[in-house]
Amino acid sequence: MIIDLKEIRKKGKEEEAFYFEYFPSAQLCAVPNVEIAPPVKIQGRVRILDKTTVFAEGEVFFTLKGECTRCLNPAEKSYVADFAEEFSSAGEEGAYPYCADKIDLTKAIDDLLILEMPMTFVCGEDCKAEY
Ligand SMILES: [Zn+2]
């Protein structure tokens, strides 16, 4: 998930839309017997703020697939998470680092997925455990 800032500058622009699909590492989902059904889709915009700062924002779409924590039936659910992150090539605190005019979104998206991962995975609001 690399965005080349040189390409954007070459077009005389300061911002550009992007779209990526990626296959995240299985370890990102900590719910037992549940996995992220790839691909995760990322849609957003980057904005070049100055020589060393870039801002990226958008939405991440992901689907979880596996066993309902309560009734153990197979289930599939989709989630959307917003993100807004700053990237800095000057080592600014709180920003993701980048260098050589290339932004790699992978770390930021991995972190977001970990943050947005539900603690439990329930097939529906009205799920009633059946034993
Ligand atoms: Zn259930």
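On a predicted model such as this, the values are computed, not experimentally measured, just so you know.

What counts and what doesn't
- Residues numbered from 1 in each chain as written.
- Predicted model: local features only at pLDDT ≥ 70, side-chain atom pairs only at ≥ 80, totals over all residues.
- Heavy atoms only, no water.
- Helix = DSSP H or I, 4+ residues; strand = E, 2+ residues; numbered from the N terminus.
- Rg over C-alpha atoms; globule rule 2.2 N^0.38 Å.
- Buried < 20%, exposed > 50% of the residue type's maximum accessible area, 1.4 Å probe, protein only.
- Contact = heavy atoms within 4.5 Å.
- Areas by Shrake-Rupley, 256 points an atom, 1.4 Å probe, with all protein chains shown as cover.
- Lys, Arg positive; Asp, Glu negative; His and termini not counted.
- Charge placed at Lys NZ, Arg CZ, Asp CG, Glu CD.
- Polar contact = N/O pair within 3.5 Å; in protein donor to acceptor, adjacent residues only side chain to side chain.
- Pairing = 2+ DSSP bridges.
- Salt bridge = Lys/Arg side-chain N within 4 Å of Asp/Glu carboxyl O.

### Describing the overall build of the protein chain
Line of reasoning, step 1. Across its full length, the protein chain holds 2 helices and 7 strands.
Line of reasoning, step 2. Its helices and strands taken in sequence order, the protein chain reads β-α-β-β-β-β-β-β-α from the N to the C terminus.
Line of reasoning, step 3. For 131 residues, the compact-globule formula gives about 14 Å, and the C-alpha radius of gyration of the protein chain, at 18 Å, lies well above that figure.
Line of reasoning, step 4. Across the 131 residues of the protein chain, 41% fall into the buried class.
Line of reasoning, step 5. Sequence separation of 24 or more characterises 61% of the internal contacts of the protein chain that already satisfy a separation of 6 or more.
Line of reasoning, step 6. For the protein chain, the exposed surface amounts to about 8100 Å²; the carbon and sulfur share of it is 51%.
Line of reasoning, step 7. Taking the average location of the 15 positive side-chain charges in the protein chain and that of its 25 negative ones, the two points are 5 Å from each other.

### Side note on the side chain of Thr 63
Line of reasoning, step 1. If you trace the backbone, Thr 63 turns up in strand 4 (residues 53-67).
Line of reasoning, step 2. Among the polar contacts listed, one links the side chain of Thr 63 to the side chain of Ser 78, at a separation of 3.2 Å.
Line of reasoning, step 3. Beyond its immediate stretch of four places on either side in the chain, Thr 63 contacts Glu 35, Ile 36, Ala 37, Glu 76, Lys 77 and Ser 78.

### Quick look at the environment of Leu 115
Line of reasoning, step 1. Along the chain, Leu 115 falls in helix 2 (residues 106-116).
Line of reasoning, step 2. On the basis of relative accessible area, Leu 115 is assigned to the exposed category, the value being 69%.
Line of reasoning, step 3. In this structure, the C-alpha to C-alpha distance between Leu 115 and Ser 89, residues 26 residues apart in sequence, is 24 Å.

### Focus: the sheet that holds strand 3 (residues 34-48)
Line of reasoning, step 1. Ordered in space as 2-3-4-5-6, the 5 strands form an open sheet in which the pairing is mixed. Every other strand in the sheet has two partners, leaving strand 2 (15-22) and strand 6 (96-97) as the edge strands with one partner each.
Line of reasoning, step 2. As judged from the 8 bridges shared by strand 2 and strand 3, these two strands associate in the antiparallel manner. Paired with Phe 20 across the strands is Ile 42, a residue of strand 3.

### Thoughts on the pattern of salt bridges
Line of reasoning, step 1. In this structure the tally under the stated criterion is 8 salt bridges.
Line of reasoning, step 2. Taking the shortest distance from any N to any O, the salt bridge between Glu 7 and Lys 10 comes out at 3.2 Å. Of this pair, Glu 7 and Lys 10 both sit in helix 1 (residues 5-10), 3 residues apart, which is roughly one turn of that helix.
Line of reasoning, step 3. Assessed through its relative accessible area of 65%, Lys 10 is described here as exposed.
Line of reasoning, step 4. For Glu 16, the salt bridge goes to Lys 13, with nearest N and O atoms at 3.3 Å.

Spatial relationships are all this shows, so hold off on functional conclusions.
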